[in-house]
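If you want the building blocks of each chain, they are given just below.
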Amino acid sequence: MINPLSDSKNKKIFLVLVTLAFGFLFRGYNINFEDFTTDEIFAFWTSESNISFKETLIRTLSSNFNCLFDFFLKWFHTIFGYDVHISIYYPLILSFTSLVFFYFFLKKNTSYGSSVFGLFLLSINIFHIKYSIELRSYILTFLLTTIFFLLNFNNKKLINPNWIRLVGIILISILMVLSHSFTLLIFLSFIIYKSIVCLANKKVNFRDVILISSLIIISLSYLFIYLPINISFIGSDFFMNKSISPHWFQQVKLSFYTNYFFSHFFGSRILGLIYLLIFLYLIIKFRKEIIFNHDLYLFFIIMLFISYSIPVIYGYLLTPVLQSRYIFFVLVPIIALISNFIFEHKNNNIKNFLIILIIIPTLTNHIIYENSFKQLYTEIDPAKPQIRESIKIINKSDEKFFTIKNNNALEPNTYKAYVNYIKKYAEKLNFEIQYFDYQNIKIKPESFWIIQIKDNYKLKFVIDDDFQNYEIIDEIYLNSVEIRLLKSSSS
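Keep in mind that what you see is a predicted model, and the values were worked out from it rather than measured. (Residues numbered from 1 in each chain as written. Predicted model: local features only at pLDDT ≥ 70, side-chain atom pairs only at ≥ 80, totals over all residues. Heavy atoms only, no water.)

A. Region of the structure containing the pattern of salt bridges. For the coordinates displayed, the defined rule picks out 14 salt bridges. A salt bridge links Glu-134 to Arg-136, with the nearest nitrogen and oxygen atoms 3.0 Å apart. For Arg-136, a relative accessible area of 13% corresponds to the buried category. With its nearest N and O atoms 3.9 Å apart, the salt bridge here joins Glu-427 to Lys-424. Here Lys-424 and Glu-427 lie together in helix α21 (residues 414-428), a separation of three residues that amounts to about one turn. Judged by its relative accessible area of 23%, Lys-424 falls in the partly exposed class. Through salt bridges with shared partners, a single ionic network connects Asp-39, Glu-40, Glu-134, Arg-136 and Lys-384. (Salt bridge = Lys/Arg side-chain N within 4 Å of Asp/Glu carboxyl O. Buried < 20%, exposed > 50% of the residue type's maximum accessible area, 1.4 Å probe, protein only. Helix = DSSP H or I, 4+ residues; strand = E, 2+ residues; numbered from the N terminus.)

Next up, the structure:
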């Protein structure tokens, strides 16, 4: 009997599949343990399956800048059902797909060992895991960015695209900018890099001109047509000083310049420092290859510089715009550079030391601190609003009426999104609790529960004009949610 693993090629495939399975386990286990944050509740509301496309467009434009994720999520809901526990499988599928495309991208541009190591680093990356089970656009942006790189590079060199590939690159570019506006930074980086390559080769072909022109047209169309329309739907109150920044944004702190979000990307301050120091060491060590080869890794260095510097400078000159999740896609060049140059290192002792220095602390951090692994062997504390627990408490009580506190958020339609999500959650669990809109009825129940979601809005609960004849009978504090039983003082 032939052992299928005895063949070297089959062993390599088996190792890749095991790594992918490992990554999927981190993301898929206990996937609906947490409820949605306010941002995710918005995505759930905008992507309701039984409303018209026009209404979906209006809801999306009035909620965020990233319409593509919501459109795809609406189609997902249409196929699989509009369900609070079904939705999260959409980013999970995108996440797993991004792991596969990331491996193929590395496979085409580096050695087998480097490809598997890079895949392993992404599979256990806490930032990638986090946004794999969040109903937000960042994981879709990551996937589209990886496909963009895959279409443009092979064997570390720019591909001279045929017309079919060129159309594919342009279409992916349109999807990228509709997924997240910060992908414009990738386009700028690519235009600069392609210009350098054309100057170095002293040759420009017609398809180069088409591609660069297309990226410029896509970028300008987004900035001067789509974005103003989007802002007009959201409303000026949402923004800071009539800028494009949400009212809650802050400029990066001085600590940013000691880790450049590596602590966010890799799970802790110490881990971030380890990855950053290894990254800087490898860049310095292989600087000549990066600068003079004019290959993929020069593009990645340009992209990293643009992705950090432009938002930071814009923040100092105009208004803060930079968040770590907005440049989630920089994980592709960071991990690709680290994995490639570690395996190109000719000193095996240093190579093995760097591999161990990355793997051991990363796995230790997962086992001891991170919920993605801890949930395999122990109970974990929730990090998101405990919506399910709050309505379970209400359902078990004698009082079945409930309402939802309007936080009067600057973001349009926040209250509508909350109402939709909690009502759908109650339906999902077959609870016999009854919602009423306290703002639009004259006669309220003599007693009822009021739910206040507090992940984005930390306002203290106040009995306002709507509840002047009521007193608080009971208060229960959950993670980012507070529920109170109110009873009429005249009853």
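B. Quick peek at the packing of helix α5 (residues 89-109) against helix α6 (residues 112-123). Where α5 meets α6, the closest approach of the two axes is 9 Å, and the angle between their N-to-C directions is 155°. Here α5 is positioned roughly antiparallel relative to α6, judged by the angle of their axes. Considering only the axes of α5 and α6, their crossing is right-handed. Contact with α5, carried on its side by Leu-99, Phe-102, Tyr-103, Leu-106 and Lys-107, involves Tyr-112, Ser-114, Ser-115, Val-116, Gly-118, Leu-119, Leu-122 and Ser-123 of α6 and no other residues of that element. (Axes fitted to C-alpha atoms, helices over the stretch in contact; angles between N-to-C directions. Parallel < 35°, antiparallel > 145°, perpendicular 65-115°, else oblique. Left-handed = near helix turned anticlockwise from the far one by under 90°. Contact = heavy atoms within 4.5 Å.)

C. Molecular detail of the side chain of Asn-125. Tracing the backbone shows Asn-125 in the loop between α6 and α7 (126-132). With relative accessibility at 3%, the residue Asn-125 sits in the buried group. A polar contact is formed between the side chain of Asn-125 and the backbone oxygen of Phe-265, at a distance of 2.9 Å. The residues contacting Asn-125, other than those within four sequence positions of it, are Arg-27, Phe-265, Phe-266 and Leu-331. (Polar contact = N/O pair within 3.5 Å; in protein donor to acceptor, adjacent residues only side chain to side chain.)

D. Broad picture of the packing of helix α1 (residues 8-28) against α6. In the contact formed by α1 and α6, the axes pass within 9 Å of each other and the chain directions differ by 10°. Classified by the interaxial angle, the pair formed by α1 and α6 is roughly parallel. Between α1 and α6, the residues in contact are Lys-11, Lys-12, Leu-15, Val-16, Thr-19, Leu-20, Phe-22, Gly-23, Phe-26 and Arg-27 and Tyr-112, Val-116, Leu-119, Phe-120, Leu-122 and Ser-123, respectively. Residue classes in the contact of α1 with α6 are distributed as ten nonpolar, three polar and three charged. (Nonpolar A, V, L, I, M, F, W, Y, C, P; charged D, E, K, R; others polar.)

E. Focus on the side chain of Ser-63. Within the secondary structure, Ser-63 is located in the loop between α3 (53-61) and α4 (67-80). One polar contact links the side chain of Ser-63 to the main-chain carbonyl oxygen of Arg-59, over a distance of 2.6 Å. Excluding residues that lie within four positions of it along the chain, Ser-63 makes contacts with Phe-42, Trp-45, Thr-46 and Ile-234.

Function cannot be inferred from these measures alone, as they are strictly geometric.
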